[in-house]
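Residues per chain, in single letters:
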Amino acid sequence: MRADGVLRIEIPVEVPFFDVDSMDVVWHGHYVKYLELARCTLLERIGHDYHQMKASGYLWPIVDLQLRYVRAARFGQRLIVRADLVEWRNRLKVHYRVLDAETGERITLASTVQVAVAASSGELQLESPSVFLEAVERALAAAHGNEGTPA
Amino acid sequence: MTLREGSVRERHADMAACMRAHPWVAEARAAGHQAPLRVALWLNDRGIAHLLQHGRADLLAAFDAHCAANGPWPEGGFCAWRLFDHDFPVPEGAALDEEIARPPPREPWLLGEHATPTGHVFELKLPLDLALFDDHFRTAPVVPGVMQVAWALAFGARRYGPMACGTMDAMKFRRLVRPGDRLHLEVAHDAGRGRLDFTVRIGGTLCSSARLHVVPVEGDHHAC
């Protein structure tokens, strides 16, 4: 069970030909790209995309990735990739669901964890940088209308 | 009870009375001249138990429902909630307005400190609405282990100067640290060996301990 987050985005993905293997299904490694696309959109929604992240002086490497394959996706299939912001204060944890756009059937479940690292020194940050926390709080305020405190 | 139009003071009094009627609330105060109405709640034991068992989001949803059932907002809006327990006395006048206007705290309150034969003890109180409980976890508020390390470094720096942590070992987490807990954080610095040992205890019970390998640095430094 992957919890819903306090912020959610969804993006459409149509499975391209070059993602399909000789068994006519999406090769398992390609789903990571779909997660990345969704995560980029989520970060844009937060107001802290990869350009802003780099400019802030902190990098956010992936330190954990989990995928569970429920059903196979095929060439041309229209998918919805959903990303939920689950944790942000000490690490950036995102939950994903890849769904069939027509039926809503679950294709893949996933989660990623990223931690902030100072770009200049490579040092791990035990708390997320203020610039990121403030961006999340602004996004939550816009989404929930309660000054960044998720209800 | 219906929240009626009236002076700001009357609206605050109505709101506080409305929330005092909730079975989880021991005391309530309101402040603010425009939306969101800022409301501070002092939870009783039942309220704290609900917070610990179900998390902040569920608790606030219940309060929102209570408000919705007991009258419309004069502003037609929502509330910004602050949560306290009996360890935080109800401030009066301007102090109340200032406290309610603050966002949820990001650090524990420092109640006191004293030296020990081996190190230094900081007596800490975890506010019920410590910001980190927003996401860790949404339905079961628990202090993440990494924050206990961060606090050891931050409070250790007050006593021994800023330091950076390179590695850590002998790390043990034995008991959950949760909203409202009063902690004894003991730090012991061995400058010669570059070590900062810490323990976190609640009422004598060991919650966590670790040995951090540190080097002195200039300025604030919480990285590890």
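Note that the structure is predicted; figures quoted are calculated from it, not measured. (Residues numbered from 1 in each chain as written. Chains lettered and ligands numbered in written order. Predicted model: local features only at pLDDT ≥ 70, side-chain atom pairs only at ≥ 80, totals over all residues. Heavy atoms only, no water.)

K.L.:
Is there a simple way to think about the overall build of chain A in this case?
P.N.:
Of the regular secondary structure elements, chain A holds three helices and seven strands. Scaling as 2.2 N^0.38, a compact globule of 151 residues should have a C-alpha radius of gyration of about 15 Å, and chain A matches this with 16 Å. Taking the principal axes of its C-alpha atoms as reference, chain A extends roughly 45 × 35 × 25 Å. By the burial criterion, 48% of the 151 residues in chain A qualify as buried. (Helix = DSSP H or I, 4+ residues; strand = E, 2+ residues; numbered from the N terminus. Rg over C-alpha atoms; globule rule 2.2 N^0.38 Å. Buried < 20%, exposed > 50% of the residue type's maximum accessible area, 1.4 Å probe, protein only.)

K.L.:
It is not clear to me how the packing of aromatic side chains should be interpreted in this structure. Could you clarify?
P.N.:
Geometrically, a pair of aromatic rings is defined through the distance of the ring centres and the angle of the planes. All names here are of chain B. A full pass over the atoms with the stated rule returns 10 aromatic pairs over all chains. Relative to Phe-155, the ring of Phe-122 has its centre 5.2 Å away and its plane inclined at 45 degrees; by these criteria the two rings are tilted. On the criterion of sequence distance, the pair formed by Phe-122 in strand S5 (residues 120-125) and Phe-155 in helix H5 (residues 145-160) is long-range, its members being 33 residues apart. Here the two residues Phe-122 and Phe-155 agree in accessibility, since each one is buried. (Phe/Tyr/Trp six-rings, centres within 6.5 Å; stacked < 30°, edge-to-face > 60°.)

K.L.:
It is not clear to me how the interface of chain A and chain B should be interpreted in this structure. Could you clarify?
P.N.:
How big an interface is tends to be reported as the loss of accessible area on association of its parts. Tallying the contact residues gives 20 residues for chain A and 30 residues for chain B. Contact between chain A and chain B buries roughly 2000 Å² in total, counting both sides, with carbon and sulfur atoms accounting for 50%. In this assembly, chain A and chain B are joined by two salt bridges. Residue B:Asp134 pairs with A:Arg89 through a salt bridge whose shortest N-O separation is 3.0 Å. (Contact = heavy atoms within 4.5 Å. Buried area = accessible area lost by both parts, 1.4 Å probe. Salt bridge = Lys/Arg side-chain N within 4 Å of Asp/Glu carboxyl O.)

K.L.:
Looking at this structure, how should I read the confidence of the model for chain B?
P.N.:
Regions with low pLDDT carry predicted coordinates that are not meant to be interpreted in detail. Here chain B shows a mean pLDDT of 90. Residues at 70 or above account for 92%. For this predicted complex, the interface score ipTM comes out at 0.81, while the overall pTM is 0.87. (pLDDT = per-residue confidence, 0-100.)

K.L.:
I tried to follow the confidence of the model for chain A on my own but got confused; where do I start?
P.N.:
Averaged over every residue, the pLDDT of chain A is 93; the share at 70 or more is 95%. Counted against residues more than four places away or in other chains, residues 146-151 of chain A, with its pLDDT under 50, gives 24 contacts.

K.L.:
Could you clarify how one ought to interpret the sheet that holds strand S3 (residues 79-84) of chain B in this entry?
P.N.:
Within a sheet, neighbouring strands are paired by backbone hydrogen bonds and run either parallel or antiparallel to one another. Residues and elements named next belong to chain B. If you walk across this open sheet you meet the three strands as S1-S2-S3, and the pairing is mixed. The open sheet has two edge strands, strand S1 (25-31) and S3, and neither has a second partner. When the angles between neighbouring strand axes are averaged without regard to direction, this sheet yields 20 degrees. As defined by bridge partners, strand S2 (residues 37-43) adjoins S3 across six bridges and the pair is classed as parallel. Residue Leu-41 lies in a different strand from S3, and its bridge partner there is Leu-83. Running over the sheet, helix H3 (residues 56-69) touches S1, S2 and S3 and is turned about 125 degrees from S3. (Pairing = 2+ DSSP bridges. Axes fitted to C-alpha atoms, helices over the stretch in contact; angles between N-to-C directions.)

K.L.:
I tried to follow the pairing of strand S4 (residues 78-87) of chain A on my own but got confused; where do I start?
P.N.:
The two faces of the sheet receive side chains in turn, since in a regular strand these alternate between them. Residues and elements named next belong to chain A. Most of S4 sits inside the fold, with eight of its 10 residues counted as buried. In this structure, strand S1 (residues 7-14) lies alongside S4, joined through eight bridges in antiparallel fashion. In the sheet register, Ile-11 faces S4, and the bridge partner there is Val-81. Connecting the antiparallel pair S4 and strand S5 (residues 92-100) is a turn made up of four residues.

K.L.:
Which parts of the structure should I look at to understand the pattern of salt bridges?
P.N.:
Think of it this way: side chains of opposite charge can pair up when their charged atoms draw near. In total, this model carries 25 salt bridges over all chains according to the counting rule given. For the salt bridge of B:Arg106 with A:Glu137, the shortest nitrogen-to-oxygen distance reads 2.9 Å. Of this pair, B:Arg106 sits in the loop between helix H4 (93-101) and strand S4 (109-115) while A:Glu137 sits in helix H3 (residues 130-144), placing the two residues on different chains. Judged by relative accessible area, A:Glu137 falls into the partly exposed class, the value being 23%. Sharing partners across several salt bridges, the network here consists of A:Arg89, A:Glu137, B:Arg56, B:Arg106 and B:Asp134.

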